[in-house]
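Per-entry structural report
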Amino acid sequence: MRTAFITGITGQDGSYLAEFLLFKGYQVHGLIRRASTFNTRRIDHLFQDPHVDGKRLTLHYGDMSDSSRLTTLLATIQPDEIYHLAAQSHVRVSFDEPEHTGDVTGLSTTRILEAIRLVSSESKFYQASSSEMFGASPPPQNELTPFYPRSPYGASKVFSYWMTRNYREAYGMFATNGILFNHESPRRGETFVTRKITRAAARIKLGMQDKLFLGNLDAVRDWGYAPEYVEAMWLMLQADEPDDFVVATGVAATVKDFLQASFESVGLDYGKYVEFDSVYERPTEVDALVGDPTKVQTKTGWRHEVTSMELATKMTHADLESCRNPTFNDSHVWRY
Ligand code: NAP
Ligand code: G4F
């Protein structure tokens, strides 16, 4: 039985990846932060009683700021595959917390790479790199496009990208960068623009909210479906050689397009409800991200299925369900 270790298992991607790897028969270990309130909502349906024999999901307290904890855990678990997803992942927030973002989203990658080098050097390593690294470089972006980050988040991810490549080249580690473009789902954090929109459309439809305040509606993104993207993460670690891969749909849409599709899917005209608030603008914006996934398609066979406009409908309808029934969980609508 193969063993995987996931940092960021409580996040959107971590929860789908844990589901996927359990489905594949893996023993899954996840790092969770100790919090004064429960932060495991996205993986509660996967929880297994530690007193039951044969359980395949184990959660460990820890924080990406704590090198010794990472080293001890890896020395004990000796995972075949490590998926490093933990990050302060919100671009707008990274302008408010640049130092913290640099620590968690940047330096933490060095901490885990060092721990692997010291105590678990046979583990394959996946780094959650991001299309934000391309920033001001115009689309379409591929593996050869120069990085031009436009936020503390993007700059931190560039640092992590190069540390991953350096450990691959310096120590021969199987260390791969997945450069993922935006991917969304009903489990997306509520302050990212897609989920903010779909949640508002559902709440307005049900009379629970009157208005939606947004920033720049002209930004162009390449939105895919998160469960399909975690499959790409796994495929990248099954390749013969470690490498760097762009994962994207290749299709562009504006925030306004997504807004319109979401509101129309519940019979609403967004123009009646949406207002501008400059607080949601960024000091430096990334105008357009559209990826070229040719390499990942050729080398791993990965393909996307769900389009951004289908995603808008899917997420809006899931939000309607969860407004009506707060215990709603999308695990039963996903194919694993
Ligand atoms: P997310 O939902 O924000 O999840 C982030 C995870 O990191 C959560 O589990 C969070 O724990 C954990 N975390 C944050 N700070 C930590 C710390 N100091 N120590 C330990 N864990 C910590 O992000 P996501 O959308 O799943 O994205 C996963 C990864 O892919 C991130 O690295 C993100 O930057 C990257 N990425 C995402 C996208 C996208 O479109 N989603 C695209 C490209 C790259 P809590 O639950 O306790 O907060
Ligand atoms: O949903 P967003 O916050 O995502 P963003 O900044 O593209 O970052 C996400 O994707 C990255 C991959 O490229 C990840 F690495 C990162 O971790 C994260 O998952 O914003 C998308 C666009 C931006 O142009 C923003 O200015 O939507 C615009 N926007 C307009 N109004 C808004 C809002 N964004 C947010 N969060 N909230 C608004 O009210």
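Scroll up for the structure.
Read on for an overview of the structure.

1. Observations regarding the packing of helix 4 (residues 98–119) against helix 5 (residues 152–171)
Following both chains from N to C, one finds helix 4 and helix 5 inclined at 15°, their axes separated by 8 Å at the closest point. Relative to helix 5, helix 4 is oriented roughly parallel. Helix 4 and helix 5 meet at a crossing whose hand is right-handed. Seen from helix 4, the contacting residues are P98, T101, G102, T105, G106, L107, T109, T110, L113, E114 and R117; seen from helix 5, they are P152, Y153, S156, K157, F159, S160, M163, T164, Y167 and Y171. Classifying every residue of the contact of helix 4 with helix 5 by side-chain character gives nine nonpolar, nine polar and three charged.

2. Here we look at the layout of surface pockets
Of the pockets and cavities examined, the second largest pocket occupies roughly 450 Å³. Every residue lining the second largest pocket is counted, 18 residues in all, and those nearest its centre are R41, R195, S322, P326 and F328. Secondary-structure elements contributing two or more residues to the lining of the second largest pocket are helix 6 (193–205) and helix 10 (308–324). Of all the elements, helix 10 adds the most residues to the lining of the second largest pocket, at four residues.

3. A word on the site of ligand 2
What surrounds ligand 2 is a group of 23 residues, the closest being S130, S131, Y153, R282 and E285. Between Y153 and ligand 2, the recorded distance is 2.8 Å, taken from a side-chain N or O atom to an oxygen atom. The separation between an oxygen atom of ligand 2 and a polar side-chain atom of E285 is 2.6 Å. Isolated, ligand 2 exposes 720 Å² of accessible area, and the fraction of that covered by the protein chains is 96%.

4. Digging into the site of ligand 1
Taken together, 24 residues are adjacent to ligand 1, and T10, R33, L85, S89 and Y153 come closest. Separating a nitrogen atom of ligand 1 from a backbone N or O atom of M64 is a distance of 2.9 Å. A87 places a polar main-chain atom, nitrogen or oxygen, 3.2 Å from an oxygen atom of ligand 1. Notes on ligand 1: free accessible area 900 Å², of which the protein chains cover 89%.

5. Quick notes on the pattern of salt bridges
Side chains that differ in sign of charge can pair as their charged atoms come close. This structure, assessed with the given rule, holds 18 salt bridges. The partner of R165 in a salt bridge is D244, with the nearest N and O atoms 3.5 Å apart. Of the two residues, R165 sits in helix 5 while D244 sits in strand 11 (residues 244–247), which places them 79 residues apart along the sequence. A relative accessible area of 22% places R165 in the partly exposed class. R221 is paired through a salt bridge with E285; the nearest N and O atoms lie 3.8 Å apart. Of the two residues, R221 is situated in strand 9 (residues 220–221) and E285 in the loop between strand 13 (274–276) and helix 9 (294–300); the sequence distance between them amounts to 64 residues. Taken together, the shared-partner salt bridges in this structure form one network comprising R41, E190, R195 and D319.

6. A closer look at the nonpolar core
Counting 34 residues, the largest nonpolar core has I6, L21, V28, Y83 and Y126 as its most contacted members. Counting only elements with at least two residues in this core, the list comes to strand 1 (3–7), helix 1 (12–23), strand 2 (27–32), strand 5 (124–130), helix 7 (226–238) and strand 11. Per-element tally for this core: the top contributor is helix 7, with nine residues.

7. Some thoughts on helix 4
Helix length check: helix 4 (22 residues) gives 31 Å between terminal C-alpha atoms against 32 Å at 1.5 Å per residue, within 8%. Its axis deflected by about 40° at L107, helix 4 carries its strongest bend there. Restricting attention to buried positions, one finds in helix 4 the residues T101, V104, T105, G106, S108, T109, T110, R111, I112, L113, A115 and I116. Among the structural elements, strand 1, helix 2 (67–77), strand 4 (81–84), helix 3 (91–96), strand 5 and helix 5 are those in contact with the buried residues of helix 4.

The rules behind the values
Residues numbered from 1 in each chain as written. Chains lettered and ligands numbered in written order. Predicted model: local features only at pLDDT ≥ 70, side-chain atom pairs only at ≥ 80, totals over all residues. Heavy atoms only, no water. Axes fitted to C-alpha atoms, helices over the stretch in contact; angles between N-to-C directions. Helix = DSSP H or I, 4+ residues; strand = E, 2+ residues; numbered from the N terminus. Parallel < 35°, antiparallel > 145°, perpendicular 65-115°, else oblique. Left-handed = near helix turned anticlockwise from the far one by under 90°. Contact = heavy atoms within 4.5 Å. Nonpolar A, V, L, I, M, F, W, Y, C, P; charged D, E, K, R; others polar. 1 Å grid on protein atoms, 1.4 Å probe; cavity = no way out; pocket = protein on both sides within 12 Å on 5 of 7 lines; lining within 4 Å. Points joined across faces, edges and corners; volume = space filled by probe spheres on them. Near = heavy atom within 4 Å. Polar contact = N/O pair within 3.5 Å; in protein donor to acceptor, adjacent residues only side chain to side chain. Areas by Shrake-Rupley, 256 points an atom, 1.4 Å probe, with all protein chains shown as cover. Salt bridge = Lys/Arg side-chain N within 4 Å of Asp/Glu carboxyl O. Buried < 20%, exposed > 50% of the residue type's maximum accessible area, 1.4 Å probe, protein only. Core = buried A, V, L, I, M, F, W, Y, C linked by side-chain atoms within 4.5 Å. Expected span 1.5 Å × (residues − 1). Bend = angle between axes of the 7 residues up to and from the residue.

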